[in-house]
Amino acid sequence: MRQSLAIGLTILSTFLVANATQNFVFPSDQAGQEKLWNDTIQAILKFKEEFESRSPADVLQAEDGDASLTVPEVILRYGYPVEVHNITTEDGYIIQAHRIPYGLACGAVNEGSPKKRVVWMQHGLMGDSSNWVITGNKSRGLGFALADGCYDVWMGNYRGNTYSTMHTTLLPSQPEFWDFSWHDLGMYDIPAGIDYVLNHTQAESLYYIGHSMGTTGFFVTMSERPEYNAKVKLMSALAPALFMSHSTSVITRLLVELFVPIIDQVPYVEAFPIEWTKDLAAELCKRGAPTQPLCSIILYLIGGKNEPQLDLDSLPAILGHSPAGSSTKTFMHYGQGIVSGQFEKFNYRGANPDKYNGSLTPPKYDLGKITTPIAIYYGDNDFLADPQDVLRGAREFSTLVNLHRVNDTLFSHLDFVWALDQGTLINKPVMDFMEEFANRLPPNGVAGRVQFMNGLLSMTVILVINKML
């Protein structure tokens, strides 16, 4: 990393200057040079140890070099503990979870002390667990914020992304490996993660936070496997991708009009692995590069433009981890929903009768089976999870306990994980409500209906005003 190099050169210079005051002479023999080199290395390592032990307020934000680190290495760079867990799903995929068991401001659990609250975090399409930590821990990464808030943080990785390309019998080189959509993520990946974490921590239930496809998979899980509703205390849905007929993203429209018709004619394959962009991002997206505006434009086209919230210094690190890969079938499933306007199972067209008990059309998911309390967070300028679609989805949930509009009229889809003011606009509202919810019974009866209707009314007024402007 540039910072590590700078630290090393600074210490080496200091070392030489300090010795120069004592009539320092650069050693001419090999043994003397080796001793000088080893002493310098030891000084660097000592400084690194002191650097990593500093308080959270002193830790720096994302660096260009973070693009080449793994997520566990990023977490360690900020001085947090990390664990890597490989979880096998019922259909043989091995998904990797990254755990921050405790934070700098909230230490490990001692024997006899209360257990930490457990939270599972699930990324969106083309993302990975880096989404929750890559921007740093100074009021930014939600994973770090939760760890410092005394949560036991588990960050999942869907099958097919950078950290989940293993299977008990299949290889990524086989088309069969990529024969999955977000339906399978909800049917297998999320249940496997929930069961593993509850078994490992001995907790009775956990909190769930999902962004974009992290919410799509959750809605599949709870409607298709309703027994899992009892295992989640509260679901926080960031930019929920449920209904998507109002999506205005240029990327999604190209997906529907060009990409889906093409990939529908070939076997399912891997889509957009990080190897395609990682090295390019490090050079093209760094501050001062003439091509950096191009990187910004690509992000705007995907999720919406919010220039004040885009951290240009974090771009190389962000794009060094995303896109993290998925399957073409997953894109096809989203494209299908954009066209049909429904939240339904994958359309196999002529093969539908064989897949769906004789039905010619794919069945809709029964959202009425979802009984987990749900808190929704949405942005006005989200090109993917349009407020109109979010409002439609909110009406489907009888257990909606919070409907929160982000206090920024330009807030877009990717701002939920990378915004400069994420600490105040996302982390604080989400964590405040989790705390409030933990200390009271979920609203029901008259009180629950009043809160639900107030949220819907507020959102409806905002939509009407936006249409008039």
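Further up the page is the structure itself.
This text gives an overview of the structure that appears in the document. The written sequence of each chain sets the order in which its residues are numbered from 1. Where totals are concerned, whole chains, interfaces and linings use all residues; where local detail is concerned, this predicted model gives features only for residues with pLDDT of at least 70, and gives and counts side-chain atom pairs only at 80 or more. Side-chain measures were taken over the full set of non-hydrogen atoms in the model, leaving aside hydrogen atoms and water.

1. What about empty space enclosed by the protein?
Link 1 in the chain: Computed over the protein atoms alone on a 1 Å grid, cavities are sets of points where a 1.4 Å probe fits but cannot get out and pockets are open sets with protein on both sides within 12 Å along at least five of seven lines; a residue lines them when it has an atom within 4 Å of a point. Grid points are joined across faces, edges and corners, and a volume is the space filled by probe spheres set on the points. Counted by the stated rule, this structure contains 4 cavities of 30 Å³ or more.
Link 2 in the chain: Lining the largest cavity, in full, are Leu299, Tyr300, Gly304, Asn306, Gln309, Leu310, Ser412, Leu414, Asp415 and Trp418.
Link 3 in the chain: Per the convention used, a helix needs a DSSP run of H or I reaching at least four residues, while a strand needs a run of E reaching at least two, with both numbered from the N terminus. Counting only elements with at least two residues in the lining of the largest cavity, the list comes to helix H9 (292-303) and helix H14 (415-418).
Link 4 in the chain: Residue polarity follows a fixed list, in which Ala, Val, Leu, Ile, Met, Phe, Trp, Tyr, Cys and Pro are nonpolar, Asp, Glu, Lys and Arg are charged, and the others, Gly among them, are polar. Of the residues in the lining of the largest cavity, the class split is 5 nonpolar, 4 polar and 1 charged.
Link 5 in the chain: Within this model, the second largest cavity holds a volume of roughly 70 Å³.
Link 6 in the chain: In terms of residue count, the dominant contributor to the lining of the second largest cavity is helix H11 (residues 328-340) (5 residues).
Link 7 in the chain: Tallied by class, the residues present in the lining of the second largest cavity amount to 7 nonpolar, 5 polar and 1 charged.

2. Here's the deal with helix H6 (residues 213-224)
Link 1 in the chain: Look at H6: 16 Å from first C-alpha to last across 12 residues, which is about the 16 Å you get at 1.5 Å a residue.
Link 2 in the chain: Residue exposure (1.4 Å probe, protein chains only): buried if accessible area is under 20% of the type maximum, exposed if over 50%, otherwise partly exposed. With 11 of its 12 residues buried, H6 lies for the most part within the structure.
Link 3 in the chain: A contact between two residues is defined here by any heavy atoms of the two lying within 4.5 Å. Here the buried face of H6 lies against strand S3 (117-122), helix H5 (182-201), strand S6 (206-211), strand S7 (232-238), H11 and strand S10 (374-378). Here, expected helix span is obtained from the residue count minus one, scaled by 1.5 Å.

3. Things to note about the state of the cysteines
Link 1 in the chain: A pair of cysteine sulfur atoms is labelled a disulfide when the two atoms are within 2.5 Å. Counted under the stated rule, the structure contains 1 disulfide.
Link 2 in the chain: One disulfide bridge connects Cys106 with Cys150, the sulfur atoms lying 1.8 Å from each other. Its S-S torsion of about 110° marks the bond between Cys106 and Cys150 as right-handed, since a negative value means left-handed. Residue Cys106 is located in the loop between strand S2 (93-100) and S3, and its partner Cys150 is located in the loop between helix H4 (142-148) and strand S4 (151-155); the two are separated by 44 residues in the primary sequence.
Link 3 in the chain: For Cys150, a relative accessible area of 29% puts it in the partly exposed group.

4. Observations concerning the nonpolar core
Link 1 in the chain: To form a nonpolar core, buried Ala, Val, Leu, Ile, Met, Phe, Trp, Tyr and Cys residues must be joined to one another through side-chain atoms within 4.5 Å. Ranked by size, the top nonpolar core spans 106 residues in total, and within it Leu146 and Phe219 carry the most contacts.
Link 2 in the chain: The biggest single contributor to this core is H5, with 8 residues.
Link 3 in the chain: Apart from the residues within four sequence positions on either side, Leu146 is in contact with Val119, Met121, Tyr151, Val153, Ile209, Met431 and Met434.

5. Observations regarding the packing of aromatic side chains
Link 1 in the chain: Two rings from Phe, Tyr or Trp (for Trp, the six-membered ring) form a pair when their centres sit within 6.5 Å of each other. Planes less than 30 degrees apart are called stacked, planes more than 60 degrees apart edge-to-face, and all others tilted. Tallying each qualifying case throughout the model produces 19 aromatic pairs.
Link 2 in the chain: Between Phe177 and Trp178 the ring centres are 4.9 Å apart and the planes differ by 70°, which places this aromatic pair in the edge-to-face class. Each member of the pair, Phe177 as well as Trp178, is classed as buried.
Link 3 in the chain: A network of ring pairs unites the aromatic residues Tyr93, Phe177, Trp178 and Phe180 as a single cluster.
Link 4 in the chain: Throughout this description, the term charge over a ring refers to an Arg CZ or Lys NZ atom that lies within 6 Å of the ring centre and within 35 degrees of the ring normal. The ring of Tyr78 has Arg77 sitting right over it, with the charged end atom 4.5 Å from the ring centre.
Link 5 in the chain: When the ring centre of Tyr348 is taken as origin, the NZ or CZ atom of Lys355, which lies over that ring, is 4.8 Å away.

6. Section: the pairing of S4
Link 1 in the chain: With respect to burial, S4 is a largely interior element, 5 of its 5 residues being buried.
Link 2 in the chain: Of the two faces of S4, the one lined by Tyr151, Val153 and Met155 and the one lined by Asp152 and Trp154 are each fully buried.
Link 3 in the chain: Of the pairings in the sheet, the one linking S2 to S4 comprises 3 bridges and is antiparallel in character. When the sheet's bridge partners are listed, His98 is paired in S4 with Met155.
Link 4 in the chain: Strand pairing is assigned whenever DSSP detects at least two bridges linking the two strands. Sheet analysis places S3 next to S4, joined by 5 bridges and oriented parallel.

7. Points about the pattern of salt bridges
Link 1 in the chain: Counted as salt bridges are all cases of a side-chain nitrogen of Lys or Arg within 4 Å of a carboxyl oxygen of Asp or Glu. Under the definition given, this model contains 15 salt bridges.
Link 2 in the chain: Ionic pairing is found between Arg140 and Asp311, a salt bridge with its closest N-O pair at 3.4 Å. Taken together, the positions of Arg140 in the loop between S3 and H4 and Asp311 in the loop between H9 and helix H10 (315-319) put the pair 171 residues apart, joining distant regions of the chain.
Link 3 in the chain: A relative accessible area of 10% means that Asp311 is categorised as buried.
Link 4 in the chain: For Lys345, the salt bridge goes to Glu224, with nearest N and O atoms at 3.0 Å. Of this pair, Lys345 sits in the loop between H11 and helix H12 (352-355) while Glu224 sits in helix H6, and the two are 121 residues apart along the sequence.
Link 5 in the chain: When its relative accessible area of 16% is taken as the criterion, Lys345 is described as buried.
Link 6 in the chain: The class of Glu224 is partly exposed, set by a relative accessible area of 27%.

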